[in-house]
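Observations on the model geometry
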Amino acid sequence: MLQDFLIKQGYTKIKLHLTKTNHFEIIAKINGVKGLFILDTGASNSCVDFYTATMFKLNVKESDVKAAGAGATDMKTQTSKENKFTIGKWKKEKVVLVLFSLTHVNTALTNHNSRPVDGIIGADLLKKGKAIIDYQKKYLYLKL
């Protein structure tokens with residue numbers, strides 16, 4: 001069984017919840033503060049909405065980089081370094097997050113009767129955690 005094998009290899013498992021928009025939703029913490037995120041293997045960077053900067057205790061810097069994704073392009077961004085990111089038992093220090101407006105994402109989610117999210121967990125964190133996603137059983141495995 002995959003679960004038993006991965007646990008023996010030092011992975012932890014985190015339950016994923018499938019939304020009506022076919023996204024996996026997950027609770028995670030940034031700097032000790034809980035938030036709701038979607039898992040997006042196609043997002044190069046993990047990001048949070050501008051409005052969450054204070055909530056997640058982020059030290060924010062302006063950025064010249066423009067973001068694009070999910071039907072929106074050329075969006076203003078900010079960055080925040082040195083953050084602690086926790087998903088279940090998995091923890092990572094010194095995480096860099098990109099901040100930009102997730103209004104377009106949250107509008108799409110709420111239009112399909114899904115909850116708005118605080119951010120997106122992207123490929124950067126998934127790679128750091130050597131992530132394995134069990135789509136059938138709806139679990140995310142991260143290497144401790």
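The written sequence of each chain sets the order in which its residues are numbered from 1. Confidence filtering applies because this is a predicted model: local features only for residues at pLDDT of at least 70, side-chain atom pairs given and counted only at 80 or more, and all residues used for totals across whole chains, interfaces and linings. To obtain the side-chain values, all non-hydrogen atoms of the structure were included, while hydrogens and water were left out.

**A look at the sheet that holds strand β12 (residues 132–134)**
On the basis of which strands lie adjacent, the open sheet formed by 3 strands has the order β1-β13-β12 and antiparallel pairing. This sheet does not close on itself; its edge strands, each paired only once, are β1 (11–15) and β12. Direction aside, the axes of adjacent strands within the sheet are offset by 25° on average. Two strands are said to pair when DSSP picks up at least two bridges between them. Comment: elements are numbered from the N terminus, with helices defined as DSSP H or I runs of at least four residues and strands as E runs of at least two. For β1 and strand β13 (residues 139–143), the ladder comprises 5 bridges, and the chain directions are antiparallel. Across the sheet, residue Thr-12 finds its bridge partner in β13, namely Leu-142. Convention adopted: a line fitted to C-alpha atoms gives each axis, helices being fitted over their contacting stretch, and angles between N-to-C directions are expressed from 0 to 180 degrees.

**Describing the pairing of strand β3 (residues 24–30)**
To sort residues, take the accessible area from a 1.4 Å probe on protein chains only and compare it with the maximum for the residue type: under 20% means buried, over 50% means exposed, and anything in between is partly exposed. Buried residues dominate β3, accounting for 5 of its 7 residues. Between the end of strand β2 (residues 17–18) and the start of β3, which pair antiparallel, lie 5 residues, with Asn-22 showing a positive phi angle near 70°. One ladder, built from 7 bridges, connects β3 with strand β4 (residues 33–39); its direction is antiparallel. Within the sheet, the bridge partner assigned to Ile-30 lies in β4 and is Val-33. A loop of 2 residues connects β3 with β4, the two strands running antiparallel in sequence, and Asn-31 in this loop sits at a positive phi of about 50°.

**Section: the nonpolar core**
For our purposes a nonpolar core is just a set of buried Ala, Val, Leu, Ile, Met, Phe, Trp, Tyr and Cys residues, chained together by side-chain atoms within 4.5 Å. With 25 residues, the main nonpolar core has Phe-37, Phe-85, Ile-87, Ile-121 and Leu-140 as its most contacted residues. Two residues qualify as a contact provided that any one of their heavy atoms is within 4.5 Å of a heavy atom in the partner residue. Other than its neighbours up to four places away in sequence, Leu-140 contacts Thr-12, Lys-13, Ile-14, Leu-16, Ile-26, Leu-39, Ile-87, Leu-126, Ala-131, Ile-132 and Ile-133. Formed by 11 residues, the second largest nonpolar core is a distinct cluster that contains Leu-36, Ala-43, Val-117 and Ile-120.

**Some details on the pattern of salt bridges**
Salt bridges, as used here, are contacts in which a Lys or Arg side-chain nitrogen is within 4 Å of a carboxyl oxygen on Asp or Glu. Following the criterion strictly, the structure yields 2 salt bridges and no others. Of the charged contacts, one joins Glu-25 and Arg-115 as a salt bridge, the two residues approaching to 2.7 Å between their closest N and O atoms. With Glu-25 in strand β3 and Arg-115 in the loop between α2 (103–111) and β11 (119–121), this pair connects stretches of sequence that are 90 residues apart. Between Glu-62 and Lys-76 there is a salt bridge, and its shortest N-O distance comes to 3.8 Å. Of this pair, Glu-62 sits in strand β6 (residues 60–62) while Lys-76 sits in the loop between β8 (72–75) and β9 (78–87), placing them 14 residues apart in sequence.

**What to know about the packing of aromatic side chains**
Think of it this way: a Phe, Tyr or Trp ring, Trp meaning its six-membered ring, pairs with another when their centres are within 6.5 Å, and the plane angle makes it stacked under 30 degrees, edge-to-face over 60, tilted otherwise. Under the definition given, this model contains 4 aromatic pairs. A centroid spacing of 5.7 Å and a plane angle of 40° characterise the contact between Phe-24 and Tyr-135, whose relative ring orientation is tilted. Taken as a pair, Phe-24 in strand β3 and Tyr-135 in the loop between β12 and β13 lie far apart in primary sequence, 111 residues in all. For Phe-24, a relative accessible area of 8% puts it in the buried group. Through pairs of rings, three or more aromatic residues link up here, namely Phe-37, Phe-56 and Phe-85. A cation over an aromatic ring shows up here: Lys-13 above the ring of Tyr-139, its NZ or CZ 4.2 Å from the ring centre. The lysine or arginine in question, Lys-76, covers the ring of Phe-50, its NZ or CZ lying 5.5 Å from the ring centre. By the criterion adopted, a ring carries a charge over it if an Arg CZ or a Lys NZ lies within 6 Å of its centre and within 35 degrees of its normal.

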